[in-house]
Amino acid sequence: MGSELSQTLVIGVVIMTALVIVQTLFTSFLLTATLRGLGSLCQELTQTSRRLRQAVRQADDGLEEMIPVLKMVSGWASEATGHSDSVRDSVRNIEGQTVRSLEKMRAGAQEAASQMNRALNRISTETYRIHRTVVAPAHQISDLIRTGRSMVENWFGRNRRPADVYTTDEDNFI
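All figures in this text were calculated on a predicted structure; none of them were measured in a lab.

**Q** Requested: an account of a nonpolar patch on the surface, with residues and values cited.
**A** The grouping of Met-66, Val-69, Leu-70, Met-72, Val-73 and Trp-76 at the surface amounts to a nonpolar patch, some 570 Å² of accessible area in total. With respect to the helices, strands and loops of the structure, Val-69 is situated in helix H1 (residues 2-155).

Next comes the structure, spelled out in structure tokens:
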């Protein structure tokens, strides 16, 4: 029994050793792949750093060239400050005239809208009166003709219906 236990122990140790070796190989493979990725990242960062240094140098050179231009613009700004008061007064005058003109135009537009509204109301009233004057007599004449025709037809016997026809469901359904 002692030898069986030692054999099982030896087999367990061998299996554990094999697993440790496999795990070590797998970890080594992962570390190698990670190191390759980090190497390419380092190369890209190095190239980006070079490009940034070039851009900073060019910007620095450009700034040195801009100094005379900035001095000239500064001189123009100081000259323009003296003229700004007269320009500001002119703008205020134009603004005041514009406001007054807009107020006059607004008042005129409101008056025109009011007159148009009154005119449209008169047109509507007259249209209704004319409609009533023309259509009402036409309805009355039509009713008289229909009544006369009905009376003539009843007197001369045309369209006489039997008594049971007068109470159809169709007549009641209307």
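From this point on, the discussion continues.
**Q** Account for the pattern of salt bridges, with residues named and values stated.
**A** Where side chains of opposite charge bring their charged atoms close, a pairing between them can arise. For the structure on display, the rule yields 4 salt bridges. A salt bridge links Arg-146 to Asp-143, with the shortest nitrogen-to-oxygen separation between them at 3.3 Å. With a gap of 3 residues between them, Arg-146 and Asp-143 both fall in helix H1, about one helical turn apart. Notably, a salt bridge pairs Glu-153 with Arg-149, separated by 3.3 Å at the nearest N-O pair. On the criterion of helical spacing, the pair formed by Glu-153 and Arg-149 is a turn pair, its members being 4 residues apart in helix H1. For Glu-153, a relative accessible area of 16% gives the class buried.

Cut-off values and rules
Residues numbered from 1 in each chain as written. Predicted model: local features only at pLDDT ≥ 70, side-chain atom pairs only at ≥ 80, totals over all residues. Heavy atoms only, no water. Patch = residues over 30% accessible without salt bridge, like charges linked within 9 Å, V, L, I, M, F, W, Y side chains within 5 Å. Areas by Shrake-Rupley, 256 points an atom, 1.4 Å probe, with all protein chains shown as cover. Salt bridge = Lys/Arg side-chain N within 4 Å of Asp/Glu carboxyl O. Helix = DSSP H or I, 4+ residues; strand = E, 2+ residues; numbered from the N terminus. Buried < 20%, exposed > 50% of the residue type's maximum accessible area, 1.4 Å probe, protein only.

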